[in-house]
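Coordinate inspection notes
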Amino acid sequence: MPRARVNGVELFYEAEGPAGGEPLVLVHGSWSDHLGWRFVLPRLAQTYRVLAYDRRGHSRSERPPGQGSRREDEDDLAALIEMMGSGPVHVAANSFGASTALGLAARRPELLRSIMAHEPPLMAVVADEAELRPLMAPMQAAIGSVLAALSSGEPETAARQFVEDVAFGPGAWEQLPDPVRRTFTANAPTFADEQADPDWAALDLGRLGGFTGPVLLTTGTESPPWFPVIRDKVAGAFGGRAERHIFEGAGHVPHLTHPEAYVDRLTAFISGRAVA
């Protein structure tokens, strides 16, 4: 099993695809791991040299003690890109992973060729949107319940609550395959660590303009209403250069629920083909 020692932690990763293919790194969100990309990776690896990894604290990567930060995740991503030795890479990222990719773009734009970011939970950038506050209140209360379950040593309860009350909706936990439920439960403590980082939901939008490559910001029609607002705020930081796309019928994880549409859009974006 390939592992890389970066920034004081050991990260698990898998690399697939032709050695000469354009490099593409996949960055998963909270609770998940590299296997979250399993429905899209085979097609992507036909064309690209794809690296999918477990972020620190998730599954087969090391979980260091003490408070972590999203900046550490950004530094891990930077180190993995440099390890690939192929120059700047394309990055496709979901949720907290999308926040990580955008954070790295603000700090190390030279490492990235292009970015496809789906629904980064950058709640701090829409904190001044008064119309969203009553809509976000139930979500914030649900996250509070998740964190309370974690502090009580109940990771499976926390994972179930996150899936049903925050991410996917009532009844979704029982619909998940057993391996996915086990992964969410095992990675539950890292969610508490992420939430305790005071900067987990923030991004210096002013620095995003330093990244001049292609950007695709996506949302799903079934996702909460604050994600399109976040998308548009982030898009504005790129000076109108960012493309936007909506996955019809999808929510927060289109690479799992609508893998064909996800790969079609990602490959079209990278190759520059027009999409109807």
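Everything here concerns the structure above.
Residues numbered from 1 in each chain as written. Predicted model: local features only at pLDDT ≥ 70, side-chain atom pairs only at ≥ 80, totals over all residues. Heavy atoms only, no water.

**A short note on the side chain of Asp76**
- Its place among the elements puts Asp76 in helix H2 (residues 70-84).
- For Asp76, the residues in contact, after removing those within four places along its chain, are Val6, Asn7, Val9, Leu11 and Arg56. (Helix = DSSP H or I, 4+ residues; strand = E, 2+ residues; numbered from the N terminus. Contact = heavy atoms within 4.5 Å.)

**A closer look at the packing of aromatic side chains**
- According to the stated counting rule, one finds 7 aromatic pairs in the structure shown.
- With a centroid separation of 4.8 Å and 25 degrees between ring planes, the pair formed by Trp31 and Phe162 is classed as stacked. Pair noted here: Trp31 is in the loop between strand E3 (23-27) and helix H1 (41-44) and Phe162 is in helix H5 (residues 155-167), with a separation of 131 residues, a long-range link. Across the pair, exposure class does not vary: Trp31 and Phe162 are buried alike.
- Between the aromatic rings of Phe247 and Tyr262, the centroid separation amounts to 5.9 Å while the plane-to-plane angle is 25 degrees, which identifies the pairing as stacked. Taken together, the residues span a long stretch of sequence, with Phe247 in strand E8 (residues 243-247) and Tyr262 in helix H10 (residues 259-271) at a distance of 15 residues.
- Note on Phe247: relative accessible area 2%, which makes it buried.
- Residue Tyr262 is classed as buried on the basis of its relative accessible area of 1%.
- Taken together, the aromatic side chains of Trp31, Phe162, Phe184 and Phe191 make up a single cluster linked through ring pairs.
- In this structure, Arg60 is placed above the aromatic ring of Phe12, and the distance from its NZ or CZ to the ring centre is 4.2 Å. (Phe/Tyr/Trp six-rings, centres within 6.5 Å; stacked < 30°, edge-to-face > 60°. Buried < 20%, exposed > 50% of the residue type's maximum accessible area, 1.4 Å probe, protein only. Lys NZ or Arg CZ within 6 Å of the ring centre and 35° of its normal.)

**Let's talk about the pairing of strand E5 (residues 89-94)**
- In terms of burial, E5 is a largely internal element, 6 of the 6 residues being buried.
- The alternating pattern of E5 places Val89, Val91 and Ala93 and His90, Ala92 and Asn94 on opposite faces, both of which are buried.
- As defined by bridge partners, E3 adjoins E5 across 4 bridges and the pair is classed as parallel. The residue of E5 that forms the bridge with Val27 is Ala93. (Pairing = 2+ DSSP bridges.)

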